[in-house]
Amino acid sequence: MKVSGAQILFKALEMEAVEVIFGYPGGAVIGIYDELFRQKIRHILVRHEQGAIHAADGYARASGKVGVCLVTSGPGATNTVTGIANAHIDSIPVVILTGQVPTALIGSDAFQEVDIMGITRPCTKHNFLVRNVAELGKVVREAFHIARSGRPGPVLVDLPKDVMQAEMEEEDVCFVSGYLYAEESPDNSEIERAADMIAAAQTPLIFSGGGVVLGKASGELRELARMIGAPVTSTLMGLGAFPASDPLWLGMPGMHGTYAANMALNQCDLLIGVGVRFDDRVTSKVAAFAPCAQIIHIDIDPVSIDKIVRTDLSIVANAKQALLAIVARLKEKNHVWPGAIRNWQEQVLEWKREHPLGYKKGAAIKPQFVVEKLYELSRGKAIIATEVGQNQMWAAQFYHYDEPNCFITSGGLGTMGFGFPAAIGAQVARPDSLVIDIAGDGSIQMNIQELGTAVQNKLPVKIAILSNSCLGMVRQWQEMFYQKRYSQTVLHNNPDFLKIAEAYGARGLRARKVEEVEEVIKEAFATEGVVVMEFIVDDEEGVYPFVKPGAPLDEMDLGPMETTSREVARDGDDPFSRSFN
Ligand SMILES: Cc1ncc(C[n+]2csc(CCOP(=O)(O)OP(=O)(O)O)c2C)c(N)n1
């Protein structure tokens, strides 16, 4: 029996257990869409291809599986490029299927032809152009293996129209990929050294990142931290891998990090970096980063070792395996906390008490207050997606994450417009969860058309717009460094977001006064479908702490932080009184 390229494609997707495709049709993929019509696989029709790639990305982040998107050639393909770069820098496994003009026309500037291979070469983990139907099955399987193995990332498969129409004997189709990824096991001598360094440390600090979430190693991270009594800080990408409700949690470090996390980085004698890449938003002035510390760096990608920060010991391995091995070795050594750890913990607690995260209350609604209320009323159980800017930082600071895969944010690229389609993808992955996109009034307008997708597919995402009538984060920099010249950051003619919501068949709710915030959130949570909440917030609010780019981490502008942080308040008097051993 003969099968077509399109049929082979769907068979390969089935073999990869793909449950859903986010996509948008067009001429070059019309044959694939015709085959889709006959297939059982779920397809979510987005309203813009950027929505498709971000939704596939959000699906991957929330589910831990590979996300898939399907788009047409030319503009369909180029519309995914921002999202591909976004997934690449955050190491998110997605497979992008792009239509392409027939092979005979490639290179002829045919209608809707672009060299998507050339365009995406630097921002994919790998990309393929399938020139022959005989290699299709194998290539698609290989794309999935590459996307999910080692350091994950986006893989693009370019599918010329004639290849998808071509037929071959079913029995000749090959789905066996020759791709073999040999995961490096942690080296025993390195594990031994790590255990020795940990045992000798007086002021150890664990610094975890997105690699712990991607490597599904949060259980092992928790075990190590509690076993050695080390406080934990984590990058934006790693939030949730270590529970924010744990007394050892310090919050995020870096430019908008907590006082305690930045001081701990400054004074620790051993820094255990796991699945981190020492991004400049964390290190700030590299020469002054963790100045007193020996550094252990555990990462699956050898390229990130010694790339930014010099390390004293590097372990190239999967985070889960490396942490398991270190914990096992420490157990064999009958590790007990050295006495000095208790002093270190008390010091850290003092920093937490001295300068907790906070903000100054006033007559206007404070954006941080909205995020706190979202946390309280969702009992910390929501999946939070964010846009980019101040909203993103407040979502990181004032919602507290106890589980991995619950904070979905554009870490490396900082892509405005990511949050809402990513929230749609997360809602598809976790249909029973409450999914909230914490947004700015600028960012939400970058992919607001996806309201159509959410409503059509009954994906009850809740959007919380922290509406400050400006591009807040840029405005804050203009205030701090450009003598308040607010060049092109004022959004005075915002649309009526409630009317937009209603026009798409969603619900719109607005809070103008502090007393209305709780009511609006409760009403939104009680509503079954898609809801857009607009909170008219103080337009002059800033994100603090703030470390100027390039300054050492202990030079923090703490801003007007008056309220006490719930983090310290709920920890009680002595959070370390409980034994973790
Ligand atoms: C696609 C894109 N364009 C521009 C920027 C630069 N940028 C970073 S934050 C920001 C302002 C975001 O404004 P808004 O979404 O209203 O959020 P706020 O900071 O006010 O919370 C801008 C323009 C970006 N990150 N992404």
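These numbers were taken from a predicted model, which means no experiment stands behind them. (Residues numbered from 1 in each chain as written. Predicted model: local features only at pLDDT ≥ 70, side-chain atom pairs only at ≥ 80, totals over all residues. Heavy atoms only, no water.)

Observations concerning the site of the ligand
For clarity, the cut-off: Proximity is defined per residue: if any heavy atom of the residue lies within 4 Å of a molecule or strand, that residue is considered near it. N or O atoms closer than or at 3.5 Å make up a polar contact, with two conditions inside protein: a donor-capable atom paired with an acceptor-capable one, and, for residues adjacent in sequence, both atoms drawn from side chains. Note on areas: these come from Shrake-Rupley sampling with a 1.4 Å probe, and a residue is covered only by the protein chains present in the view. Strands here are runs of E lasting at least two residues and helices are runs of H or I lasting at least four, both read from the DSSP assignment and numbered beginning at the N terminus. When residues are grouped by polarity, Ala, Val, Leu, Ile, Met, Phe, Trp, Tyr, Cys and Pro land in nonpolar, Asp, Glu, Lys and Arg in charged, and all others, Gly among them, in polar.
Taken together, 17 residues surround the ligand, and among them Gln390, Gly414, Gly442, Ser443 and Gly472 come closest. At a separation of 2.8 Å, a nitrogen atom of the ligand approaches a polar backbone atom of glycine 414. Taken by itself the ligand offers 590 Å² of open surface, and the protein chains cover 76% of this. Of all elements in the fold, only helix H17 (390-398) and helix H20 (472-481) reach the threshold of two or more residues within the shell around the ligand. Counting residues per element, the shell around the ligand draws most heavily on H20, which supplies three residues. Its residues assigned to classes, the shell around the ligand comprises seven nonpolar, nine polar and one charged.

Topic: helix H22 (residues 514-526)
Stated formally: Residue exposure (1.4 Å probe, protein chains only): buried if accessible area is under 20% of the type maximum, exposed if over 50%, otherwise partly exposed. Comment: arc refers to directions from the helix axis out to C-beta atoms. Whether two residues are in contact is decided by their heavy atoms, any of which lying within 4.5 Å being enough.
Three or more residues of H22 are buried, namely Val517, Val520, Ile521 and Ala524. For H22, the angular spread of buried residues about the axis comes to 95°, placing them on one side. Relative to its buried face, H22 has exposed residues pointing more than 90 degrees away, namely Glu515, Glu519 and Ala526. Among the structural elements, helix H16 (367-377), strand E18 (462-467), strand E19 (507-511) and strand E20 (531-536) are those in contact with the buried residues of H22.

Looking at the environment of glutamate 450
Secondary-structure assignment places glutamate 450 in the loop between strand E17 (435-440) and helix H19 (451-456). Separated by 29 residues in sequence, glutamate 450 and proline 421 place their C-alpha atoms 6.5 Å apart. Ignoring anything within four residues of it in the chain, the contact list for glutamate 450 reads Val46, Arg47, His48, Gly51, Phe420, Pro421 and Ile424. A distance of 2.9 Å separates a polar atom in the side chain of glutamate 450 from a polar atom in the side chain of glutamine 449.

Regarding the packing of aromatic side chains
To keep it simple, the criterion reads: Aromatic pairing here means that ring centres of Phe, Tyr or Trp (its six-membered ring) are within 6.5 Å. Orientation follows from the plane angle: under 30 degrees is stacked, over 60 is edge-to-face, and everything else is tilted.
In the structure shown here, the tally under the stated rule is eleven aromatic pairs. By way of ring pairs, the aromatic residues Tyr375, Tyr399, Tyr401 and Phe407 are connected into one cluster.

Considering the domain arrangement of the protein
Here is the rule: Each domain's limits were defined by an automated method or a database of domain assignments. Simply put, the buried area is the total loss of 1.4 Å probe accessible area from both parts when two parts are fitted together. Every case where a carboxyl oxygen of Asp or Glu lies within 4 Å of a side-chain nitrogen of Lys or Arg is listed as a salt bridge.
According to the domain assignment, the protein consists of domain 1 (2-172), domain 2 (188-354) and domain 3 (358-544). Centre-to-centre, using C-alpha coordinates, domain 1 lies 31 Å away from domain 3. Taken together, the contact pairs 24 residues of domain 1 with 26 residues of domain 3. Considering only the side of domain 1, the residues that lose the most area to domain 3 are Arg47, Arg61 and Ala62, jointly responsible for 29% of the buried surface there. Linking domain 1 with domain 3 are zero salt bridges, by the criterion used here. Viewed at the interface, domain 3 and domain 1 are joined by twelve residue pairs in polar contact (both at pLDDT 80 or more). The set of elements that each furnish at least two residues to the side of domain 1 that touches domain 3 consists of strand E2 (20-23), strand E3 (42-45), helix H3 (49-63) and helix H5 (81-89). Top contributing element to the side of domain 1 that touches domain 3 by residue count: H3, with ten residues. Taken together, the residues of the side of domain 1 that touches domain 3 break down into ten nonpolar, nine polar and five charged.

Details of the pattern of salt bridges
The final tally for this structure, using the stated rule, is 32 salt bridges. A salt bridge links lysine 366 to glutamate 541; the nearest nitrogen and oxygen atoms lie 2.6 Å apart. In this pair, lysine 366 is assigned in the loop between helix H15 (339-354) and H16 and glutamate 541 in the loop between E20 and helix H23 (566-571), connecting sequence segments 175 residues apart. For the pair lysine 366 and glutamate 541, one class covers both residues: buried. Residues joined by salt bridges that share partners form a network here, namely Glu192, Asp196, Arg329, Glu332 and Lys333.

A short note on the sheet that holds E17
Short version of the rule: Being paired, for any two strands, means DSSP has found at least two bridges between them.
Pairing in this open sheet of six strands is parallel, and the strands run E16-E15-E17-E18-E20-E19 from one edge to the other. Edge positions in the open sheet fall to strand E16 (407-408) and E19, since each of these has one partner strand only. By the bridge criterion, two bridges tie strand E15 (residues 383-386) to E16 in an arrangement that is parallel. By the bridge assignment for E16, alanine 385 is matched with isoleucine 408.

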